[in-house]
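Chain by chain, the residues run as shown.
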Amino acid sequence: MSCADLPDWYLRRRMAVVDLRSTAWRRARAEVVPPGYAPDECMRRLVRADRLRRVGRGLYVVVDPVRETPPIAIASGLFADQPHYVTTDAALAFHGLIDQPIPTITVVLAHTRRPIDIGPAVVRTVTLGPVRHEVADAYATTADGFAVRLATREQALVDALAEPHWMVYGDLLAEILAASTDDALERVATGALARSTAAGQRLGYLLEETGRQPAKRLADLRPVRAVYLRPGDKRRGPYSTRWRVYG
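Cut-offs and rules
Residue positions are given per chain, counted from 1 along the sequence in the order it is written. The predicted nature of this model means local features are confined to residues of pLDDT at least 70 and side-chain atom pairs, given and counted, to a pLDDT of 80 or more, with totals for whole chains, interfaces and linings taken over all residues. For the side-chain quantities, the full set of heavy atoms in the structure was used; hydrogens and water were omitted. Runs of H or I in DSSP of at least four residues are treated as helices and runs of E of at least two as strands, each being numbered from the N terminus. We call a residue buried when its accessible area falls under 20% of the maximum for its residue type, exposed when it is over 50%, and partly exposed in between, using a 1.4 Å probe and counting protein chains only. Throughout, a residue-residue contact means that at least one pair of heavy atoms, one from each residue, lies within 4.5 Å. Each accessible area is a Shrake-Rupley estimate made with a 1.4 Å probe; only the visible protein chains count as cover when residues are assessed. His is not counted here, nor are the chain ends, while Lys and Arg score as positive and Asp and Glu score as negative. We put the charge of a Lys on NZ, of an Arg on CZ, of an Asp on CG and of a Glu on CD. Every patch collects residues that have over 30% relative accessible area and no salt bridge, joining them within 9 Å if they carry like charges and within 5 Å if they are nonpolar side chains (Val, Leu, Ile, Met, Phe, Trp, Tyr). The rule for a salt bridge is simple: a side-chain nitrogen of Lys or Arg has to be within 4 Å of a carboxyl oxygen of Asp or Glu. By the convention used here, strands pair only if DSSP detects at least 2 bridges between them. Polar contacts, as counted here, are pairs of nitrogen or oxygen atoms within 3.5 Å of one another; within protein the pair requires one atom able to donate a hydrogen and one able to accept it, and residues that are adjacent in sequence qualify only if both atoms are side-chain atoms.

## A word on the overall build of the protein chain
The number of helices and strands found in the protein chain is ten helices and twelve strands. The dimensions of the protein chain, computed from C-alpha atoms along their principal axes, are 70 × 30 × 30 Å. For the protein chain, the residues scored as buried account for 48% of the 247 residues in total. Across the protein chain, the fraction of contacts at a sequence separation of at least 24, relative to all contacts at a separation of at least 6, is 59%. As displayed, the protein chain offers around 12600 Å² of accessible surface, 51% of which is attributable to carbon and sulfur atoms. If you average the places of the 35 positive and of the 28 negative side-chain charges in the protein chain, the two averages end up 5 Å apart.

Listed below in structure tokens is the structure:
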């Protein structure tokens, strides 16, 4: 085999990213790249041939000439060897709850790193504390056969309520919550309150705005501090005295 076979080696195994620090790369190099062939030269040739796209130091997206790889698979593939999960907009879109283009894919990691432009979207990393990361409700699945580590719909909503800046389409939260079942809302309420009182306040406010009954878990919540629905957003909506939230 030769350097030119490297992209197809990855695609046959449904891997979207070449990471020169990964175990997958060490295996690929042993099986595909001829002995004595400099990896850097192989990467440069494949980039010039439009079979790889460099997105960071030692990071390359594999270009499939037949069909586009799902951006969520690329985002998750960038961190395949690290504990992580995709959340908020991209996760909710995967679950069929958002149909807008996703310009920013949010990935939860142990440590943040600079944003990575993968072409159709920018991958932004955020962090949770080790305990919260460990108990986050995320699971392994696939997108077009590529491995993806993804938040459940309830976890993605909890993340959006607790950290509003993690979500681009925050104005869709009320609509998504309004369409949720009572059982799902109870799970979201439990997760939100475990994160912060502010997350519970935002959930109560959004349910009030849509005419839904508050989740039972919120019944005893009596906030003493006011919070913003979307901190940093200059738009102002109504103020809820029950939830002490500025919309």
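## A closer look at a nonpolar patch on the surface
On the surface, Tyr228, Tyr239 and Tyr246 cluster together into a nonpolar patch covering about 260 Å² of accessible area. Note that Tyr239 resides in strand E11 (residues 239–240).

## As for the sheet that holds strand E12 (residues 245–246)
Pairing in this open sheet of three strands is mixed, and the strands run E10-E12-E11 from one edge to the other. With one partner strand each, in any of the chains shown, strand E10 (227–228) and E11 form the two edges of the open sheet. Both E10 and E12 contribute to a ladder of two bridges, which runs parallel. Of the residues in E12, the one forming a bridge with Val227 is Val245.

## Some remarks on the side chain of Ser180
Note on placement: Ser180 falls in the loop between helix H8 (173–178) and helix H9 (182–195). Reaching out from Ser180, the side chain makes a polar contact with the backbone oxygen of Ile176 at a distance of 2.9 Å.

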